Amino acid sequence: MKKNILAAALAAMVTVTALAGCGSAASDSGNSGSTGKTLTVGTNAAFPPFEYVGDDGNPDGFDIALIKAIGEKAGYEVQIQDMEFDSLVSSIGNKIDVAIAGMTVTEERKNMVDFSEPYYEAVQNVLVAKGSDIATAADLEGKKIGVQLGTTGEFIADEIPGAEVSAYNKAVDAVNDLNNGRVDCVIVDKNPAEVFGAQFSDKVDVLGGEQFDFEPENYAIALPKGDTELAEKINSALKELKADGTYDSLVSKYIEE
Ligand code: GLN
């Protein structure tokens, strides 16, 4: 499985697929599905193993499979729209209906959107060049840190004393700048960090755990504020998928080997 994910991650580096389709709050479309409605789902397909561009050029990954399974249970035709992570929250309710993108529930985002029940627990990791002197949180002070724009990794890096933070649209671009020495480390979520770590195993190490003591984060689906009907449908579909084993099988297919 890991091989597939890595191949997909590589494909994601060179391919940006902009899918057509404009969202209109779970609009009537006459499509199949028991409610006959389309759910336009925003993602950023450059965050393996949660979302990446698959071999066929379409977004794939844990989040994509999960939202498709949710759509099936809740009676929506799911249409995926690939966009920049930093534009997802502000696009909900206009370009897209909801977003699934390894998105952490934060108080700041909650001012703009609602969130589903959490579906995955995550934490930040630090990618360093092999032989780096960075080993603990204190070592990050004053360092050049690469992050993905608008992510929790960026918010954390911004608080580190003396750090010089460079924000990239894609996490892999930060990793590329680590590899060519423009930054000293990259702060990014654990699972993508592990994928990049495996992809560049001759160049980088993945650090985390108690030496850094980052707060646990929860991923959830971002929803239009106040749409309790949609939230209920999505939450009950998620609950069913956890109960019937689908959720666990997606975790083993995409995240665990
Ligand atoms: N979990 C991080 C966040 O929500 C990163 C998500 C991502 O880059 N797709 O900010």
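For every chain, the first residue of its written sequence is number 1, and the numbers climb from 1 along that sequence. Where totals are concerned, whole chains, interfaces and linings use all residues; where local detail is concerned, this predicted model gives features only for residues with pLDDT of at least 70, and gives and counts side-chain atom pairs only at 80 or more. Think of the side-chain values as coming from all heavy atoms in the structure, minus any hydrogens and water.

In this structure, Pro49 follows Pro48 across a cis peptide bond, with omega equal to 5°. Secondary structure is summarised from DSSP: a helix means a run of H or I of at least four residues, a strand means a run of E of at least two, and numbering begins at the N terminus for each. Tracing the chain through its elements places Pro49 in the loop between strand 2 (46-47) and strand 3 (51-53). Its identity is not glycine, yet Asp213 carries a phi of approximately 55°, on the positive side. Looking at the element boundaries, Asp213 is found in the loop between strand 13 (204-207) and strand 14 (217-219). Overall, Asp213 belongs to the exposed group, its relative accessible area being 61%. When accessible area is computed with a 1.4 Å probe and restricted to protein chains, residues below 20% of their type maximum are described as buried, those above 50% as exposed, and intermediate ones as partly exposed.

Taken together, the three strands give an open sheet; going across it, the order is 2-3-4, and neighbouring strands pair in antiparallel fashion. In the strand order of this sheet, the two ends are held by strand 2 and strand 4 (59-60), each with one partner. Pairing between two strands is assigned when DSSP locates at least 2 bridges connecting them. In this sheet, strand 4 lies alongside strand 3 in antiparallel orientation, the contact comprising two bridges. Its bridge partner being in strand 4, Tyr52 is matched across the sheet by Asp60.

For the rest of this paragraph, the subject is the sheet that holds strand 11 (residues 164-168). What the five strands build is an open sheet, ordered 11-10-12-9-13; its pairing is mixed. Looking at which strands have only one partner, the edges of the open sheet turn out to be strand 11 and strand 13. The mean inter-strand angle of the sheet, taken between neighbouring strand axes irrespective of direction, is 30°. With two bridges connecting them, strand 10 (residues 144-148) and strand 12 (residues 185-189) associate as parallel partners. As a rule, the C-alpha atoms of each element are fitted with a line to give its axis, helices using only the stretch in contact, and angles between N-to-C directions run from 0 to 180 degrees.

For the rest of this paragraph, the subject is the side chain of Gln148. Secondary-structure assignment places Gln148 in strand 10. In protein, a polar contact means a hydrogen-donor-capable atom and an acceptor-capable atom, both N or O and within 3.5 Å, with residues adjacent in sequence counting only if both atoms are side-chain atoms; elsewhere, any N or O pair within 3.5 Å suffices. A distance of 3.2 Å separates the side chain of Gln148 from the side chain of Asn44, its partner in a polar contact. Contacts are assigned to residue pairs that have any heavy atoms within 4.5 Å of one another. Residue contacts for Gln148: discarding those within four places in its chain leaves Asn44, Phe47, Phe85, Glu154, Tyr168, Asn169, Lys170 and Ala171.

Attention now moves to helix 6 (residues 171-179). Taken as a whole, helix 6 has its buried residues at Ala171, Val172, Ala174, Val175, Asp177 and Leu178. Looking one or two residues beyond helix 6, the residue adopting positive phi is Gly181, at roughly 85°.

Moving on, we get to the site of the ligand. In the vicinity of the ligand, the contacting residues are Phe47, Phe85, Ala101, Gly102, Met103, Thr104, Arg109, Gln148, Thr151, Thr152, Asp189 and Tyr219. In this structure, Ala101 approaches the ligand through a main-chain N or O atom, which is 2.8 Å from a nitrogen atom. At a separation of 2.8 Å, a nitrogen atom of the ligand approaches a polar backbone atom of Gly102. Residue exposure ignores everything except the shown protein chains as possible cover, and the areas themselves are Shrake-Rupley values with a 1.4 Å probe. Contact with the protein chains covers 100% of the free accessible surface of the ligand, which is 300 Å². When its residues are assigned to classes, the shell around the ligand shows five nonpolar, five polar and two charged. Here, proximity means that at least one heavy atom of the residue falls within 4 Å of the molecule or strand. Each residue receives one of three labels: charged for Asp, Glu, Lys and Arg, nonpolar for Ala, Val, Leu, Ile, Met, Phe, Trp, Tyr, Cys and Pro, and polar for the others, Gly being one of them.

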